[in-house]
Amino acid sequence: MRIFGDAIRFGIHSGQQNATYDQYLHLWQRAEELGYDWASDFDHFIPMASVADPAGPCLEGLTLLAAVAAKTERIRCGNLVIGVTYRNPAILAKMATTIDQISHGRLEFGIGAGWYEAEHQQYGIPFPPAGTRIRMLAETAQILRQLWSQETTTFHGRYYTLNEARCEPKGVQQPRIPLWIGGGGEQKTMRVVAEYADGWNTFGMPLEDWQHKLAVLAEHCRAVGRDPRDIRKSLVFRVQLAESQAEVDALRRAGGDRPAGFIGTPEECVEYLLPYARLEVGDFIFGMSASQGPDAWRTMELIAEKVAPAVKAQAAATMR
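On a predicted model such as this, the values are computed, not experimentally measured, just so you know.

**Brief notes about the overall build of the chain**
Next up, step 1: Within the chain one finds 10 helices and 12 strands.
Next up, step 2: Rg of the C-alpha trace for the chain: 19 Å, near the compact-globule value of 20 Å for 320 residues, within the 12% margin.
Next up, step 3: Dimensions of the chain, computed from C-alpha atoms along their principal axes, come out at roughly 65 × 45 × 35 Å.
Next up, step 4: By residue count, 56% of the 320 residues in the chain fall in the buried class.
Next up, step 5: Looking at the chain alone, contacts between residues at least 24 apart form 72% of all its contacts between residues at least 6 apart.
Next up, step 6: As presented, the chain carries roughly 13,900 Å² of accessible surface, and 52% of it is formed by carbon and sulfur atoms.
Next up, step 7: Charged side chains of the chain number 33 positive and 38 negative; the gap between the two group centres comes to 5 Å.

This is the structure in structure tokens:
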């Protein structure tokens, strides 16, 4: 079943580490004002040590998502992605339908196998091997889809058991809330994507690597009898933009291109993204923190004002 259209969307993905609630809400409301289609948070209890002080503040993801959903009106409300080790999948299904009610049908719900071992250790949450977590992911996906669409769900899996479970009220969206699965593991995770996902999310990568991932997903889809075009694809990119070449040169001297990142003018960014749009990327999601400085906020504005309209128009013309 294909539950998305073909229109390209632009969004922000904003981890909530080192931000107050008011700062975070302001970021989402500003994104909505600028015309972004999507905003998402993450599911971590402590800041990621690779980018922030792990002793710093970090708001909880699903309660925060409910709060900002209540304070926005149009933008799609997502999360990238919920770790399946943290919560029972039936409870997750209830949380999701509640947030879809709060947002009047704007939720897009993402799940993944989980990876941040440090927060498992701190919170006393079991951290099984990767293969086990991916099998838990597959069972969670099945349970969510059933609870969101069936009157009752009975499920007897390896890790979870439900007996005539009810999930009422259902979400506002029909036939159900869109289910995203995040991750790029080619043997196991992408097989789960092929079997159960409405959308697949991963992080930006060189174009040739993206082409390879698409081929892997297509092969898994063939194996399970599914059209890979029925699965929407989204990429999270790191981008820094400036309007003049002199400003771009200064940004590059200050830090250089980060891994999977891009520094340039809005026009250069359009040319950078268009090949991905022609290779099935439906959603371009840009990493943006509420606690970042003015350069990041200006980048967010330039994407909305100059990059998104051009990519949408040129990609639509190509697909005619």
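**A short note on the pattern of salt bridges**
Think of it this way: side chains of opposite charge can pair up when their charged atoms draw near.
Next up, step 1: Taken as a whole and assessed by the stated rule, the structure comprises 21 salt bridges.
Next up, step 2: Put simply, R30, E33, E243, R298, E301, E305 and K306 are held in one network by salt bridges that share partners.

**Some details on the state of the cysteines**
Next up, step 1: Under the definition given, this model contains 0 disulfides.
Next up, step 2: For the unlinked cysteine C58, the closest cysteine sulfur is that of C77, found at 18 Å.
Next up, step 3: C77 supplies the cysteine sulfur nearest to C167, a cysteine that is in no disulfide, at a spacing of 18 Å.

**Some remarks on the side chain of T189**
Next up, step 1: Mapped onto the elements, T189 comes out in helix 6 (residues 189–196).
Next up, step 2: In contact with T189, not counting residues within four places along its chain, are I134, G182 and G183.

**Details of the environment of H220**
Next up, step 1: Among the structural elements, H220 can be located in helix 7 (residues 207–224).
Next up, step 2: Each C-alpha atom, one on H220 and one on V193, is 8.6 Å from the other, the two residues being 27 residues apart in sequence.
Next up, step 3: Not counting residues within four places of it along the chain, the set of residues in contact with H220 comprises E186, Q187, M190, R191 and A194.
Next up, step 4: Within the structure, the side chain of H220 is placed 2.6 Å from the backbone oxygen of E186, a separation counted as a polar contact.

**Examining the pairing of strand 12 (residues 281–287)**
Next up, step 1: Counting buried residues along strand 12, 6 of its 7 residues qualify, which places the element largely inside the surrounding structure.
Next up, step 2: Bridge analysis of strand 1 (residues 9–13) against strand 12 gives 5 bridges, and the strand direction is parallel. Among the inter-strand pairings, R9 is bridged to a residue of strand 12, identified as D283.
Next up, step 3: Examined bridge by bridge, strand 10 (residues 232–241) and strand 12 share 5 bridges and lie parallel to one another. When the sheet's bridge partners are listed, L235 is paired in strand 12 with F284.

**Quick notes on the nonpolar core**
Next up, step 1: If you look at the biggest cluster of nonpolar residues, it comprises 88 residues, and the most contacted ones within it are F10, Y36, F109, I111, F284 and V311.
Next up, step 2: The biggest single contributor to this core is helix 10 (residues 294–319), with 10 residues.
Next up, step 3: Setting aside residues no more than four positions away along its own chain, F10 makes contact with Y36, D37, W38, L273, F284, F286, I303, V307, A308, V311 and K312.
Next up, step 4: Ranked by size, the runner-up nonpolar core spans 6 residues in total, among them F4, L80, V236 and I285.

**Section: helix 2 (residues 61–70)**
An α-helical segment advances 3.6 residues per turn. Residues three or four places apart therefore align on the same side.
Next up, step 1: The element helix 2 is extensively covered by neighbouring structure, given that 7 of its 10 residues are classed as buried.
Next up, step 2: Buried residues of helix 2: G61, L62, L64, L65, A66, V68 and A69, and no others.
Next up, step 3: Close packing links the buried residues of helix 2 with helix 1 (21–34), strand 2 (38–41), strand 3 (76–79), strand 4 (82–83), helix 3 (89–102) and strand 5 (107–112).
Next up, step 4: Regarding helix 2, its N-cap is E60, as a side-chain oxygen of that residue lies 3.1 Å from the backbone nitrogen of L62 further along.

**With respect to the packing of aromatic side chains**
Here the distance between the centres and the angle between the planes together describe a pair of aromatic rings.
Next up, step 1: Taken as a whole and judged by the stated rule, the model has 16 aromatic pairs.
Next up, step 2: A centroid spacing of 5.3 Å and a plane angle of 15° characterise the contact between W200 and W210, whose relative ring orientation is stacked. Of this pair, W200 sits in strand 9 (residues 199–203) while W210 is found in helix 7, placing the two residues 10 residues apart along the sequence.
Next up, step 3: Both rings, one in F237 and one in Y276, keep their centres 5.3 Å apart while their planes meet at 75°; by these two values the pair is edge-to-face. Of this pair, F237 sits in strand 10 while Y276 sits in helix 9 (residues 266–277), and the two are 39 residues apart along the sequence.
Next up, step 4: Using a relative accessible area of 0% as the deciding quantity, one classes F237 as buried.
Next up, step 5: Ring-pair connections join several aromatic residues into one group, and the members of that group are F10, F237, F262, Y272, Y276, F284 and F286.

Rules behind the numbers
- Residues numbered from 1 in each chain as written.
- Predicted model: local features only at pLDDT ≥ 70, side-chain atom pairs only at ≥ 80, totals over all residues.
- Heavy atoms only, no water.
- Helix = DSSP H or I, 4+ residues; strand = E, 2+ residues; numbered from the N terminus.
- Rg over C-alpha atoms; globule rule 2.2 N^0.38 Å.
- Buried < 20%, exposed > 50% of the residue type's maximum accessible area, 1.4 Å probe, protein only.
- Contact = heavy atoms within 4.5 Å.
- Areas by Shrake-Rupley, 256 points an atom, 1.4 Å probe, with all protein chains shown as cover.
- Lys, Arg positive; Asp, Glu negative; His and termini not counted.
- Charge placed at Lys NZ, Arg CZ, Asp CG, Glu CD.
- Salt bridge = Lys/Arg side-chain N within 4 Å of Asp/Glu carboxyl O.
- Disulfide = S-S within 2.5 Å.
- Polar contact = N/O pair within 3.5 Å; in protein donor to acceptor, adjacent residues only side chain to side chain.
- Pairing = 2+ DSSP bridges.
- Core = buried A, V, L, I, M, F, W, Y, C linked by side-chain atoms within 4.5 Å.
- Phe/Tyr/Trp six-rings, centres within 6.5 Å; stacked < 30°, edge-to-face > 60°.

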